[in-house]
Amino acid sequence: MKFGVGWRFLCQCVRQLVRQSVRKGNGAAQHSIGGRLLVFGFGLNLLLMFIVGIYIFVKLVDFRDASVMLYQHPFVVSNTVKDIDIEILLMHRQLQSMVWAETPAEVDKDVAELKQRENIVLQHFELVSDRYLGNKDDVHAALQAFLDWRDIYNDAVRLLREGKNREAAAAVAIKGDEQLKRLEQQSRQLTEFADDEATHLYGHSLSGQKHATLVVSVLLGLAIFVALGTSLLVLRLEHRRVREIREHLHLIDQNIHIATLLADRTIADITHSLCRYLGVRREEVLGQPCGALFGEDECVLVPDEAWNVAASGMVWEADLELPISAFGGSWASVAIHPVANRAGVTTGFKVILTDITHEKEVERLSQVDPLTSLYNRRHFHQLFDQQIRLARRNRQLLEFVIFDIDYFKEYNDSLGHPAGDLLLQRIAGTLREILRRPDDYIFRLGGDEFGVLLSLASDAGRAGEYAEVIRRQIESMDIEHLASKAGAHVTASVGGVVYVGESIPGAEVIFADADAALYEAKSKRNCAVVRNYAD
């Protein structure tokens, strides 16, 4: 039962090792083979040590049983038979002296002592019969010899009580001695068998000891061999792992932009890849404040909020535009990871930069009209809903202006498309000059149609002025347009709408209202029509 429990425990250990090896494997063929060999070697070593332990336990039980058998059977039988011989010899001598007793009292005393010794001998025979490993008939024969001898001393006692001392002495001397020799012969047979059995058990124990020593030595040698092989395999795998870790660290150093900062934001380490990306020398920035990464005395580029978030144990991430003077307007995705000790206290930071300039450029191109560099219609739809939600939440004014160039088709037809493209670019430049706030968005919606989206504070009275400002600014450009029926220069028809706070409708309604205002303005030409719903 103990063996079964131990075997199940060993199997569970090996299965657990295999599961861990599979979970931790990285999929590489060499690692998988090495991991399986390592698990196999470790499991085999456990199995061998388990077998050695079980074998030693079994052999110890055998040796104990052999010792118990040796003590409880041959030794007990041999010693008890010797005690029987001694008791019978003492009885015989007492019987010899009893035949010369002078008084009945002396006879009675000797008879009582003989009865005591007789009982002791019978008890010894019961013990011998119980422990004797040979043929029980030998014990019965010896017991019968004693009983026959007892009949002789009983006859002698009877003759003594009748006063026939000489006849009693003759019976003891002749029949008693004869029967005593027969009893000694039977006892010797029992003793010799017990001694032979003891010798056999002792020889069996010695043979088992030698066999056990040989088996244990072989198993231990095999276990040591397997342990050495497993150790060599571990060293080999560890050496390979260290080499691969160094290769990975080298790849990280050469290809990933990472800087390690202390708690006071001084640079403790930096990869060569980040040095090349930032155009700095590693020796020059180590030990310097983190602003040295961006050519600053202080790290102004990364806000204090970022360090506070990272110090609290969270990761701060953001897309930052690096200084144009140093990096030509590159964009980087910056992630600041906290580095904590075992107590959970932040002791430093890992700053990871990922160059996303290309992604930002692709994003910009997907949002910008290539001719005018203004936002395109696609980005207009993305941004429109967002600005509506912000204005509603902040209870701000929202103004949307849409305008066309008057008689733009005729301008193209008379001067050619290159002239028309140049006109659109000049108008885009004028719009950028007059709309410079962060929340001013300018779009080319298609052809000669432009849109302007403005988020204002709360002055609803001045909200509609932007449409007129745009119209006057375009007219003041004094670009000649001889094919226009609205005048000798380029003009624009402007339509706009103004809403405020929670009353701002959806994008489709706003666009429709602005388009209706533009349609009204186009019927008059070179004018601005604004519908103010914020009053």
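Calculation criteria
Residues numbered from 1 in each chain as written. Predicted model: local features only at pLDDT ≥ 70, side-chain atom pairs only at ≥ 80, totals over all residues. Heavy atoms only, no water. pLDDT = per-residue confidence, 0-100. Contact = heavy atoms within 4.5 Å. Pairing = 2+ DSSP bridges. Helix = DSSP H or I, 4+ residues; strand = E, 2+ residues; numbered from the N terminus. Axes fitted to C-alpha atoms, helices over the stretch in contact; angles between N-to-C directions. Buried < 20%, exposed > 50% of the residue type's maximum accessible area, 1.4 Å probe, protein only. Parallel < 35°, antiparallel > 145°, perpendicular 65-115°, else oblique. Nonpolar A, V, L, I, M, F, W, Y, C, P; charged D, E, K, R; others polar. Polar contact = N/O pair within 3.5 Å; in protein donor to acceptor, adjacent residues only side chain to side chain. Expected span 1.5 Å × (residues − 1). Arc of directions from axis to C-beta. Salt bridge = Lys/Arg side-chain N within 4 Å of Asp/Glu carboxyl O. Phe/Tyr/Trp six-rings, centres within 6.5 Å; stacked < 30°, edge-to-face > 60°.

Caption draft 1: Main features of the confidence of the model for the chain. Scored by pLDDT, the chain has a mean of 80; 86% of the residues are at 70 or more. Segment residues 1–7 is flagged for pLDDT under 50; beyond a separation of four residues in sequence, or across chains, it makes six contacts in the model. Counting contacts from residues 20–29, a segment whose pLDDT is below 50, to residues more than four positions away or on other chains yields four contacts.

Caption draft 2: Main features of the sheet that holds strand β5 (residues 346–355). If you walk across this open sheet you meet the five strands as β2-β1-β5-β4-β3, and the pairing is antiparallel. Edge positions in the open sheet fall to β2 (267–270) and β3 (316–321), since each of these has one partner strand only. Taking each pair of neighbouring strands and ignoring which way they run, the sheet shows an average axis angle of 25°. In the sheet, strand β4 (residues 331–340) pairs with β5 via nine bridges, with the strands oriented antiparallel. Within the sheet, the bridge partner assigned to A332 lies in β5 and is D355.

Caption draft 3: The arrangement of the pairing of strand β1 (residues 257–262) in detail. Counting buried positions along β1 gives five out of six residues, so the element sits mostly inside the fold. Two strands pair when backbone bridges link them, and β1 and β5 are joined in this way by six bridges, in the antiparallel orientation. Residue pairing for β5: I258 is matched across the bridge by I352. As defined by bridge partners, β1 adjoins β2 across three bridges and the pair is classed as antiparallel. Within β2, the residue paired with A259 across the bridge is I270.

Caption draft 4: Quick peek at the packing of helix α11 (residues 377–394) against helix α16 (residues 507–524). One can describe the packing of α11 onto α16 by two numbers: an axis separation of 10 Å at closest approach and a directional angle of 115°. Considering the angle they form, α11 stands roughly perpendicular to α16. Two secondary-structure elements touch here, α11 through R377, F380, F384, D385 and I388 and α16 through A507, I510 and F511. Classifying every residue of the contact of α11 with α16 gives six nonpolar, no polar and two charged.

Caption draft 5: Region of the structure containing the packing of helix α3 (residues 104–131) against helix α4 (residues 136–161). Between α3 and α4, the least distance of the axes is 11 Å, while the angle of their chain directions is 175°. Here α3 lies roughly antiparallel to α4, going by the angle between them. The segment α3 lies against α4, with D108, V111, L114, K115, E118, V121, L122, F125, V128, S129 and D130 engaging K136, V139, H140, A142, L143, F146, L147, R150, Y153, V157 and R161. Tallied by class, the residues present in the contact of α3 with α4 amount to 13 nonpolar, two polar and seven charged.

Caption draft 6: Molecular detail of the side chain of H257. Here H257 is to be found in strand β1. Since its relative accessible area comes to 12%, H257 is described here as buried. There is a polar contact of 2.8 Å between the side chain of H257 and the side chain of S273. Here H257 is in contact with T271, S273, L274, Y277, V351, I352, L353 and D355, once residues within four sequence places are set aside.

Caption draft 7: The arrangement of α16 in detail. Its 18 residues give α16 an end-to-end C-alpha distance of 26 Å, which sits within 8% of 26 Å, the value for a rise of 1.5 Å per residue. Taken residue by residue, α16 has A507, I510, F511, D513, A514, A517, L518 and A521 as its buried positions. Buried positions in α16, seen along its axis, are confined to an arc of 165° and lie on one side of it. In α16, the exposed positions angled more than 90 degrees off the buried face are occupied by E508, Y519 and S523. Looking at the buried positions of α16, the neighbouring elements they touch are α11, β6 (397–405), β7 (440–446), β8 (449–456), β9 (492–500) and β10 (528–532). Backbone geometry just downstream of α16 places R525 in the positive-phi region, at approximately 65°.

Caption draft 8: Here's a closer look at the pattern of salt bridges. Evaluation of the coordinates by the stated rule reveals 18 salt bridges. Put simply, D406 and R525 hold a salt bridge, and the shortest N to O gap is 3.3 Å. On the criterion of sequence distance, the pair formed by D406 in the loop between β6 and α12 (408–415) and R525 in the loop between α16 and β10 is long-range, its members being 119 residues apart. Of the residues examined, D406 reaches a relative accessible area of 0% and is grouped as buried. Residues R472 and E468 are paired through a salt bridge, measuring 3.6 Å at the closest nitrogen-oxygen approach. In this pair, R472 and E468 both sit in helix α15 (residues 465–475), four residues apart, roughly one turn of the helix. On the basis of relative accessibility, which here comes to 24%, the residue E468 falls in the partly exposed class. Taken together, the shared-partner salt bridges connect E468, R471, R472 and E475 into one network.

Caption draft 9: Quick look at the packing of aromatic side chains. Here the structure, examined in full by the defined rule, presents eleven aromatic pairs. Residues F380 and F443 carry aromatic rings whose centres are separated by 5.0 Å and whose planes lie at 75° to one another, so their mutual orientation is edge-to-face. Placement of the pair is F380 in helix α11 and F443 in strand β7, with a sequence separation of 63 residues. Note on F380: relative accessible area 0%, which makes it buried. Under the relative-accessibility criterion, F443 is labelled buried at 0%. Ring geometry for F384 against F400: centres 5.2 Å apart, planes inclined by 40°, an arrangement best described as tilted. Highlighted residues: F384 in helix α11 and F400 in strand β6, separated in sequence by 16 residues. In this pair, the class of F384 matches that of F400, namely buried.

Caption draft 10: The arrangement of unusual backbone geometry in detail. Positive phi values are uncommon outside glycine, yet Y407 reaches one of about 55°. The class of Y407 is buried, set by a relative accessible area of 17%. The phi dihedral of N526 falls on the positive side, at around 50°, and the residue is not glycine. Tracing the chain through its elements places N526 in the loop between α16 and β10.

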